[in-house]
Amino acid sequence: MEFLESIVNSFTNNLILNNGWLVVLKGLWVTLLITSSGLFFGTVIGAILCSSRLSSIGLLRVTAKTVIAFLRGSPVLLLLMVFYYVVFANSRIDAVYIAVIAFALNSGAHIAEIMRSALSAVDKKQLEAARMLGFSKIRAFMAITLPQAGRIARPVYQNATINLLQWTSVVGYVTITDLTRTVNNIGARTGDPFFALFFGILIYLGISYLVNFMFTLKIRKRKAL
Amino acid sequence: MIQTVNLCKSFGDLIIFKDLNITVQKGECVAVIGPSGAGKSVLFRTIAMLEKPDSGQVFINGTDITQKDVNINKVREKLGMVYQGFHLFSHLNVLDNITLAPVKVSGMNKTEARKKAMELLSMVGLTEKATSYPHQLSGGQQQRVAIARSLAMDPDIILFDEPTSALDPSMTGEVLAIIRKLARSGLTMMISTHEMRFAQDVASRVFYIDEKSVYEQGTAQEIFQNPQREKTRMFIRKLKVFSYSITSHGFDMVAMNVQIELFCQKYNIESKKINHIQLVLEELILEVSGEGESNRQLKIDYTIEHSEERGEILISFNYEGDFFNPFGSEGEGDHLGIVLITGIAKNFDHAYKDGQNTININI
């Protein structure tokens, strides 16, 4: 009974008093914003990097390869700090947007490699078979290679999404009040960090499950077709 | 319908074919045979412009498709290809595999395309697999779907690139039956195949590709029953040849016998037969070398041809010197060797021309 009582107490102290839950929701919003925009722009950047990486123009290929290697090889936190303290030090851009740029670049490089490996895993002869039926190069790619590569890439892409979500927890370093920063602040204020931090983990876990669920939803839809 | 003019293709330093000229008429079914690596697949791929020829032209229905201003996609709509490895679209079911191109390339409406696909499926005997995915089908079934997919575009020509090479013997039959049906229907086709009997049945003409070009061509009858050139003959009859020369009386017969044995074992010739071959050759050599006495230069060449197809051995035995037929001197009881040979051989003959005696023996 005592244990239960203490949990209820912690819950009230951390989340109800001083409208703690509202602050948590705000933090959650920032986390989701950075994750989803980072993923969106990351996918766009990934597609551009990947197509340059597979391009027939040597210079483009080498440039893309170098950029990908650099972005993949550097810790995303350092990248974030470089953007915040060096590149955009004198600009008035909101820190959240800077974070979106840093995460988009980092996940873009990873996604470029995911796309490349998925594309190379597709049977090239199927593309050729489509060409023999009269498809143009681009239409054959859209009709045959892309959907198959999408299927191959999906589980890895899903992982990259979850990874991105979890890595956004470092944005507190550049003054952004995201979910992690929020629960940390609450824990410090109430002197009950265990509950607050644990609650934070539960929320991240919840989002991860939601993301996974959304990916399976897409598959079910396809199967129904 | 299909014509190539002085077609040349090489990969780096490796010349695949040089000045290759073929003509295929409308409604013809042409079989392309030849050893692996002779360039059959590359020829097909070059005809379809999947490989760019180094020089020369390819005419399809009178248009030179090697020209830059030709819309190759339009040409390929009427030029089907069936691959050794099927290459069905693995993310689509059987029906969608067949309807994809008619709908997206020819702009046929979906219901019509489906109706036509079902007709084609019934022709290849796979109506009940319409909603299956390629990985759920056997190899033979996949290949039949691939044929239906190709037919869905109403092609004028279909190129079959070793359509049964990836299939086990129990499945080749079902695919060959479909191709036979198509050949009878008057579709123009080229088939590269290793199924000699099939090629013989179905093809109106046969190209034998070797030596970087069309080595020999003719009707199926001509090529299979009576091939004119050496390599064609060896290929058709699946001949394996062993040749040996003897130039002195003191040659090493033991070593020779070992070589014959190795050759024979390589092609799974039964040991009884190996013994017979060795025996016949030993006796012949003794007969022949004994005749001219040791003051004459000995010159014997012989070849052993093994026909895998017929399981027959043909020994042709040549020796220089005066006319001498060891089988001619009947009744002189002491030639035990000759008695042995005539006992073993299925048939034999002797000929003499320009100082050369030739004996052919079948075992």
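Please read all numbers here as calculations on a predicted model, not as lab measurements.

Basis of the calculations
Per chain, the residues get numbers from 1 upward, laid out in the order the sequence is written. Starting at A for chains and at 1 for ligands, labels are handed out in the order in which the entities are written. Where totals are concerned, whole chains, interfaces and linings use all residues; where local detail is concerned, this predicted model gives features only for residues with pLDDT of at least 70, and gives and counts side-chain atom pairs only at 80 or more. Helix numbers and strand numbers start at the N terminus; a helix is a DSSP run of H or I with at least 4 residues, a strand a run of E with at least 2. Exposed residues have 12 or fewer other C-beta atoms within 10 Å of their own C-beta, buried residues have 20 or more, and residues in between are partly exposed; the C-beta atoms are placed from the backbone. Here the contact rule is simple: place C-beta atoms from the backbone, and any two residues whose C-beta atoms are within 7 Å are in contact. The split into domains, and so the bounds of each, comes from an automatic or database assignment of domains. Interaxial angle, 0 to 180 degrees, is taken between N-to-C directions of lines fitted to C-alpha atoms, where a helix line uses only the stretch in contact. In this scheme, roughly parallel covers angles under 35 degrees and roughly antiparallel covers those over 145, while 65 to 115 is roughly perpendicular and the rest are oblique. By definition, any crossing whose near helix is turned counterclockwise from its far helix by less than a right angle is left-handed, and any crossing with a clockwise turn is right-handed. Each residue receives one of three labels: charged for Asp, Glu, Lys and Arg, nonpolar for Ala, Val, Leu, Ile, Met, Phe, Trp, Tyr, Cys and Pro, and polar for the others, Gly being one of them. Put simply, a nonpolar core is a cluster of buried Ala, Val, Leu, Ile, Met, Phe, Trp, Tyr and Cys residues tied together by C-beta atoms within 7 Å.

1. Section: the environment of B:Phe224
Residues and elements named next belong to chain B.
(1) Moving on: With respect to the helices and strands, Phe 224 occurs in helix H8 (residues 220-225).
(2) Moving on: For Phe 224, a count of 21 C-beta atoms within 10 Å translates into the label buried.
(3) Moving on: The spacing of Phe 224 and Arg 237 is 13 residues in sequence and 8.5 Å in space, taken between C-alpha atoms.
(4) Moving on: In contact with Phe 224, other than residues within four places in its own chain, are Gln 200 and Ile 236.

2. Observations regarding the domain arrangement of chain B
(1) Moving on: Partitioning chain B into domains gives domain 1 (2-236) and domain 2 (239-362).
(2) Moving on: Spacing between the C-alpha centres of domain 1 of chain B and domain 2 of chain B amounts to 46 Å.

3. Examining the packing of helix H3 (residues 94-104) of chain B against helix H5 (residues 139-151) of chain B
Helix packing geometry: the angle between the two helix axes and the distance between the axes.
All names here are of chain B.
(1) Moving on: Taken N-terminus to C-terminus, the directions of H3 and H5 make an angle of 25°; their axes are 8 Å apart at the nearest point. Put simply, H3 runs roughly parallel to H5. In the packing of H3 onto H5, the handedness of the crossing is right-handed. Of the residues in H5, those touching H3 at Val 94, Asn 97 and Ile 98 are Val 145, Ala 148 and Arg 149.
(2) Moving on: Looking at the contact of H3 with H5 residue by residue, the classes come out as 4 nonpolar, 1 polar and 1 charged.

4. Some points on the nonpolar core
(1) Moving on: With 80 residues, the main nonpolar core has B:Val32, B:Ala148, B:Leu159, B:Ile179, B:Met189 and B:Met190 as its most contacted residues.
(2) Moving on: Sorting elements by how many residues they give to this core places helix H6 (residues 169-184) of chain B first, with 6 residues.
(3) Moving on: Residues within four places of B:Ala148 in sequence aside, it is in contact with B:Ile98, B:Leu120, B:Leu121 and B:Val124.
(4) Moving on: Counting residues in hydrophobic clusters, the runner-up holds 37 residues, among them A:Leu39, A:Phe103, A:Leu105 and A:Ala112.

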